[in-house]
Amino acid sequence: MTPLQEGLLGTIIILIAIFSESLAIKIGYLDADFTSRLFDAAPPPETWGTMFAPARGFERYIAYEMLRALATHLGAFYLLGAVRDKWAAARTADKRQILSRGVMNVLFLAACGYRGLMMWRGWYVEAGWPSIPAALQHVHSALTVGCTATEGNWMTFWKSSDGSGCAPLRFVPQTAHERLYDYDADFQRLSVVMFAFQWKNLLDSVYFDDGLIFVIHHSVVIVVSLFALHPFSHLYGSFFFGVSEVSTTVLAVVALFDAEHGVEELERDFPNTRLVIGGVFAVSFFVVRGIIWPYLTYFYCRDGFRILDNDPDIHSRFLVKLFMGGLLTLSVMQVIWLGQIVLKLREELGGMLSSSKAKAA
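Residues numbered from 1 in each chain as written. Predicted model: local features only at pLDDT ≥ 70, side-chain atom pairs only at ≥ 80, totals over all residues. Heavy atoms only, no water.

What about the overall build of the chain?
Reasoning step 1: Helix and strand counts for the chain stand at 14 helices and two strands.
Reasoning step 2: For the chain, with 361 residues in total, the buried portion stands at 43%.
Reasoning step 3: Total accessible area computed for the chain in this model is approximately 19,300 Å², and 66% of it derives from carbon and sulfur atoms. (Helix = DSSP H or I, 4+ residues; strand = E, 2+ residues; numbered from the N terminus. Buried < 20%, exposed > 50% of the residue type's maximum accessible area, 1.4 Å probe, protein only. Areas by Shrake-Rupley, 256 points an atom, 1.4 Å probe, with all protein chains shown as cover.)

Given below as structure tokens:
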């Protein structure tokens, strides 16, 4: 095909991906009320099971999300073909493959990050906090202080057992069991999307021979996102599957500039852009994964140990331990990656200073 033909085909495929939901409903693949039917209410307890039962009923939607990711990948590949004769970074099929996979990853990760932020924003508006520091203090109090309700509705001021006070928060329940088993429709859908997206990534990693570490990562996330449908860990999952992906989105962009795993022409032609994006990633990683991640990991594991110790309604001791073990493993990896980022920043800044001194001399 000519570059023009590839560009037109890519545009058509991207448009199909964008309007795919309405198209799927129109042709009868998805029901018109599939959103409310699948996500408005928690699945009945008798369907939860402990293994693959949570995925029952979501099969069509999972396949739809996988096809949408595939269409995004394919459409970006052909769209880049339109400029293959004018842009060195898109000259070969291999380079266009790297870029198009990057586009798919950035878009889907950004969508997950956005959904997580919108969940947090909704809670922020609902609570009526005057500022972010006030919100942080209130949430911390809700997580750390055992509150008991006084008379009135849920907005009534609550008194804690130690004499201090904290207003109740609907979205931060007061017991470990409720915090881990509370249902959230937005997260339920996010978890299904993540399940489908990671299956696409897993298949890509096997096909393109990305390496064992990527296969393991995608497999772990697939397992966790499946078991989250019980429902389980929705409150904390709003961060680990949602907000944390904000920094991962920036990482996916930075990876495209990497000479080894990305397209070397991007690093060569846009060195300043790469530095700016790298700086944004370093800051986002430090805040999101260096501060918020371990903070919520502590409370998640605390709640996990509590239900393991004295909760007769725990759905699966094995899965609770699996979630906690996986999270702690990822947390150790965060520390290692944070150290690598600091070393990389020192290297980059050292190179910039050396270059500036050479020019001055």
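Resuming the write-up.
Some thoughts on the environment of Val 103
Reasoning step 1: Counting through the fold element by element, Val 103 comes out in helix 5 (residues 93-127).
Reasoning step 2: Taking the C-alpha atoms as reference points, Val 103 and Leu 256, separated by 153 residues in sequence, lie 9.4 Å from one another.

Description of the pattern of salt bridges
Reasoning step 1: One pass over the structure, following the stated rule, counts twelve salt bridges.
Reasoning step 2: Between Asp 31 and Arg 37 there is a salt bridge whose closest N-O contact spans 3.0 Å.
Reasoning step 3: The class of Asp 31 is partly exposed, set by a relative accessible area of 37%.
Reasoning step 4: Close ionic contact of Asp 303 with Arg 302 constitutes a salt bridge, the shortest N to O distance being 3.8 Å.
Reasoning step 5: For Asp 303, a relative accessible area of 0% puts it in the buried group.
Reasoning step 6: Through salt bridges with shared partners, a single ionic network connects Arg 179, Arg 302 and Asp 303. (Salt bridge = Lys/Arg side-chain N within 4 Å of Asp/Glu carboxyl O.)

Considering unusual backbone geometry
Reasoning step 1: The step from His 230 to Pro 231 runs through a cis peptide bond, and the omega angle for that step is 10°.
Reasoning step 2: For Pro 231, the position within the fold is in the loop between helix 9 (212-227) and helix 10 (234-243).
Reasoning step 3: Its identity is not glycine, yet Asp 209 carries a phi of approximately 55°, on the positive side.
Reasoning step 4: Its location among the elements puts Asp 209 in the loop between helix 8 (185-207) and helix 9.
Reasoning step 5: With relative accessibility at 66%, the residue Asp 209 sits in the exposed group.

Concerning a nonpolar patch on the surface
Reasoning step 1: There is a patch of nonpolar side chains on the surface, built from Ile 12, Leu 15, Ile 16, Ile 18, Phe 19 and Leu 23 and spanning about 570 Å² of accessible area.
Reasoning step 2: In terms of residues, the nonpolar patch owes the most to one element, helix 1 (residues 3-18), which gives four residues.
Reasoning step 3: Along the chain, Ile 18 falls in helix 1. (Patch = residues over 30% accessible without salt bridge, like charges linked within 9 Å, V, L, I, M, F, W, Y side chains within 5 Å.)

A word on the packing of aromatic side chains
Reasoning step 1: Evaluation of the coordinates by the stated rule reveals 22 aromatic pairs.
Reasoning step 2: Both rings, one in Tyr 124 and one in Trp 129, keep their centres 5.6 Å apart while their planes meet at 65°; by these two values the pair is edge-to-face.
Reasoning step 3: Owing to a relative accessible area of 27%, Tyr 124 belongs among the partly exposed residues under this scheme.
Reasoning step 4: Measuring from ring centre to ring centre gives 5.0 Å for Tyr 298 and Phe 299, while their planes differ by 75°; the resulting arrangement is edge-to-face.
Reasoning step 5: Pairwise contacts between aromatic rings join Phe 34, Phe 39, Phe 58, Tyr 61 and Tyr 64 into one cluster.
Reasoning step 6: One cation-aromatic arrangement involves Arg 60 over Tyr 29; the distance from NZ or CZ to the ring centre is 4.9 Å. (Phe/Tyr/Trp six-rings, centres within 6.5 Å; stacked < 30°, edge-to-face > 60°. Lys NZ or Arg CZ within 6 Å of the ring centre and 35° of its normal.)

Here's the deal with the nonpolar core
Reasoning step 1: Grouped together as the largest cluster of nonpolar side chains are 65 residues, with contacts concentrated most on Tyr 61, Phe 232, Tyr 300 and Ile 307.
Reasoning step 2: Among the elements that line this core, the one with the most residues is helix 8, at nine residues.
Reasoning step 3: Setting aside residues no more than four positions away along its own chain, Phe 232 makes contact with Leu 180, Tyr 181, Phe 227, Tyr 300, Ile 307, His 315, Val 320 and Phe 323.
Reasoning step 4: Among the nonpolar cores identified, the runner-up in size contains twelve residues, and Leu 80, Leu 99, Leu 266 and Phe 285 belong to it. (Core = buried A, V, L, I, M, F, W, Y, C linked by side-chain atoms within 4.5 Å. Contact = heavy atoms within 4.5 Å.)

Points about helix 1
Helical periodicity: at 3.6 residues per turn, an α-helix aligns residues three or four positions apart in one direction.
Reasoning step 1: Taking 1.5 Å of rise per residue, 16 residues should cover 22 Å, and helix 1 covers 22 Å from first to last C-alpha, within 8% of that figure.
Reasoning step 2: Looking only at helix 1, the buried set comprises Glu 6, Gly 7, Gly 10, Ile 13 and Ala 17. Buried residues of helix 1 fall within an arc of 130° about the axis and therefore sit on the same side. Of the exposed residues in helix 1, those oriented more than 90 degrees away from the buried face are Leu 4 and Leu 8. (Expected span 1.5 Å × (residues − 1). Arc of directions from axis to C-beta.)

Remarks on the side chain of Arg 96
Reasoning step 1: As for its position among the elements, Arg 96 is in helix 5.
Reasoning step 2: No salt bridge is formed by the buried Arg 96. Its closest oppositely charged neighbour is Glu 6, at 4.5 Å.
Reasoning step 3: Here Ala 90 takes part through its backbone oxygen, which lies 3.0 Å from a polar atom of the side chain of Arg 96.
Reasoning step 4: Dropping the residues within four chain positions of it, Arg 96 is found in contact with Phe 77, Leu 80, Gly 81, Arg 84, Ala 90 and Arg 91. (Lys, Arg positive; Asp, Glu negative; His and termini not counted. Polar contact = N/O pair within 3.5 Å; in protein donor to acceptor, adjacent residues only side chain to side chain.)

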